[in-house]
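Reading the structure
What follows is each chain in one-letter form.
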Amino acid sequence: MLGRMFKVSFFGESHGKAIGTLIEGCPPGINIDSDYLSNELKKRKINDPTISTQRREEDKFNIVSGIFNNHTTGSPITIIIYNKDIDSTHYDQIRFRPRPSHADYTAYVKYHGFNDYRGGGIFSGRLTAAMVIAGAIAKKVIKKWGIEVYAHTYSVGHIEVGDVSVESIKENTYRNPVRCADPEKAKQIYELIKETRMRGDSIGGIVECIALNLPVGLGEPPIDTLDGDISKAIFTIPGVKGIEFGKGFQLSRMYGSQANDPLTIRNGKITTERNYSGGINGGISNGMPIRFRVAFKPTPSIYLEQKTVDLQSMTETEIKLKGRFDPCITIRAVPIVENITAIVIADHLLRWLAWEKYLEGS
Ligand SMILES: Cc1cc2nc3c(=O)[nH]c(=O)nc-3n(C[C@H](O)[C@H](O)[C@H](O)COP(=O)(O)O)c2cc1C
């Protein structure tokens, strides 16, 4: 489960009946309508088979509890999203011949072969639809306090967008199928993914996320630090291999005099002159934008022949996959990173507000 006050869990398998989310601790009175949730889910779809999976899910969902008359009631919210476009024909192929760098082998050993391996089971990107819908609700919770979260494709392979303004991210990200804030780079990324797919291969990339207008004080060190909790949530997304806040790994090559963010006063408010820390110090938000980047590996399922083992005969063998796969996880992950971050911020906002209210009354 993610969170302590705004608690979220996910359930379901890729080729089972449905996937879904259970949210506990959501405050009452938050306006949530079906159109809003549908639009959030649409952001996860890339209806272009040249650069995305051919699986076409309607993402029809059912609000089972916790939302009444388009408002949260304060009781647990359960939402189910049905799986419709299921084709398990090619999955017997991988049952005893695990795909390299997918979870097939680790799951087979951990669950003693009882796991639902069809479509990747619980390890499928399909479950991220539940993450997006839970995060859509969290976004509304934090919006009440002026907090907004945006993500965009920062790089794919060697093509990097670099620093872009929040305005460009808001304006351009969902105007192209590769979820890129720079329209020119978007074309190059599109061609790169297309060419990669034509060769039967896949490619990695980076998603950047920015959260704006957080007050100073979110985060509960020493264990539930804000960066620690964001990282944990981000690692629930399959395919994530790294995260860095602010200047991240670059800081390790700097002197303190280059890395530190000098404190200053602007319009009567304490702020920092730059934001190499990515908006968090000591696991607590410092009032600057939270900025971090998430590294996604290339999709493990590729159409090229790969070396693996046969788990039954204990022999080395080859596998050439058939089926429907994404050539680039990164571009699909943009709304997932955005929404899962909102879940963590909603939890920490509610925890921070409890203290603030307590202290106010003393
Ligand atoms: C949106 C999304 C779509 C994905 N699509 C695929 C896919 O089509 N084929 C595949 O092998 N992996 C896909 N993945 C990645 C795997 O689910 C993931 O690599 C696998 O579960 C192993 O987990 P790990 O990479 O975190 O170790 C996708 C991930 C996401 C977030």
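For the structure given in this document, a descriptive report is provided here. Note that the structure is a prediction, hence the values are computed from the model and not measured. (Residues numbered from 1 in each chain as written. Predicted model: local features only at pLDDT ≥ 70, side-chain atom pairs only at ≥ 80, totals over all residues.)

1. Quick notes on the overall build of the protein
For the record, the criterion: Numbering of helices and strands starts at the N terminus; helices are DSSP runs of H or I of at least 4 residues and strands are runs of E of at least 2. Based on C-alpha atoms, the radius of gyration is set beside the globule rule, defined as 2.2 Å times the residue count to the power 0.38. Residue burial is a threshold on neighbouring C-beta atoms within 10 Å of the residue's own C-beta, all placed from the backbone, with 20 or more meaning buried, 12 or fewer meaning exposed, and counts in between meaning partly exposed. The contact criterion used here is simple: two residues whose C-beta atoms, placed from the backbone, lie within 7 Å are in contact.
From N to C terminus, the protein includes 9 helices and 17 strands. The C-alpha radius of gyration computed for the protein amounts to 21 Å, which stays within 12% of the reference 21 Å derived for 362 residues, consistent with globular compactness. When its C-alpha atoms are laid out on the principal axes, the protein stretches across 70 × 50 × 40 Å. Counting every position in the protein, which comprises 362 residues, the buried fraction comes to 43%. Taking the contacts inside the protein whose residues are at least 6 apart along the sequence as the reference set, 73% of them involve residues at least 24 apart.

2. Section: the site of the ligand
Defined as follows: For each residue, a C-beta position is placed from the backbone atoms; the residue is near a molecule or strand when that point lies within 6 Å of it. Any residue outside Ala, Val, Leu, Ile, Met, Phe, Trp, Tyr, Cys, Pro, Asp, Glu, Lys and Arg is labelled polar, Gly included; the first ten of those are nonpolar and the last four are charged.
Around the ligand, 21 residues are found, and the nearest of them are Phe123, Gly125, Pro238, Ser301 and Phe325. Broken down by element, the shell around the ligand gets its largest block of residues, 3 residues, from helix α9 (residues 329–361). Each residue belonging to the shell around the ligand can be placed in one class, and the counts come to 9 nonpolar, 9 polar and 3 charged.

3. Here's the deal with unusual backbone geometry
Cis geometry marks the peptide bond from Pro221 to Pro222, where omega comes out at 10°. Notably, His112 is not glycine yet its phi reads approximately 55°, a positive angle. Its location among the elements puts His112 in the loop between α3 (104–110) and α4 (128–143). A residue is classified by how many C-beta atoms lie within 10 Å of it, and His112, with 8 of them, is exposed. One non-glycine residue, Arg179, lies in positive phi territory at about 60°. Inspection of the secondary structure assignment puts Arg179 in the loop between α5 (166–172) and α6 (183–198).

4. Here we look at the sheet that holds strand β7 (residues 148–156)
The condition is simple: A pair of strands is considered paired only if DSSP assigns at least 2 bridges between the two. Think of each axis as a best-fit line through the C-alpha atoms, taken over the contacting stretch in the case of a helix, with angles from 0 to 180 degrees between the N-to-C directions.
With antiparallel pairing, the 5 strands of this open sheet are ordered in space as β8-β7-β9-β15-β10. This sheet does not close on itself; its edge strands, each paired only once, are β8 (159–160) and β10 (240–245). With 8 bridges joining them, β7 and strand β9 (residues 205–212) adopt antiparallel strand pairing. Note on β9: the bridge partner recorded for His152 is Glu208. This element, helix α7 (residues 226–234), spans β10 and β15 (290–296) of the sheet and lies at about 155° to β10. The strands touched by α9 within the sheet are β7, β9 and β15, with β7 carrying the most contacts at an inclination of about 150°.

5. Thoughts on the pairing of β7
Each regular strand carries side chains that alternate between the two faces of the sheet. With 7 of its 9 residues buried, β7 lies for the most part within the structure. Both β7 and β8 contribute to a ladder of 2 bridges, which runs antiparallel. Residue pairing across strands places Val156 opposite Ile159, the latter belonging to β8. Where β7 folds back onto β8 in an antiparallel hairpin, the turn is made up of 2 residues, including Gly157, whose phi is positive at roughly 55°.

6. What about the packing of α7 against α9?
Our working rule: Here the angle decides the label: under 35 degrees means roughly parallel, over 145 means roughly antiparallel, 65 to 115 means roughly perpendicular, and every other value means oblique. If you view the pair so one helix is near and one far, a crossing is left-handed when the near helix is turned anticlockwise from the far one by less than a right angle, and right-handed when it is turned clockwise.
Where α7 meets α9, the axes come as close as 9 Å, and the angle between the chain directions of the two elements is 140°. The angle between α7 and α9 falls in the class oblique. Crossing geometry of α7 relative to α9 is assigned as right-handed. Listed contacts from α9 to Leu226, Asp229, Ile230, Ala233 and Ile234 of α7 are Val337, Ile340, Thr341, Ile343, Val344 and His348. Looking at the contact of α7 with α9 residue by residue, the class counts come to 8 nonpolar, 2 polar and 1 charged.

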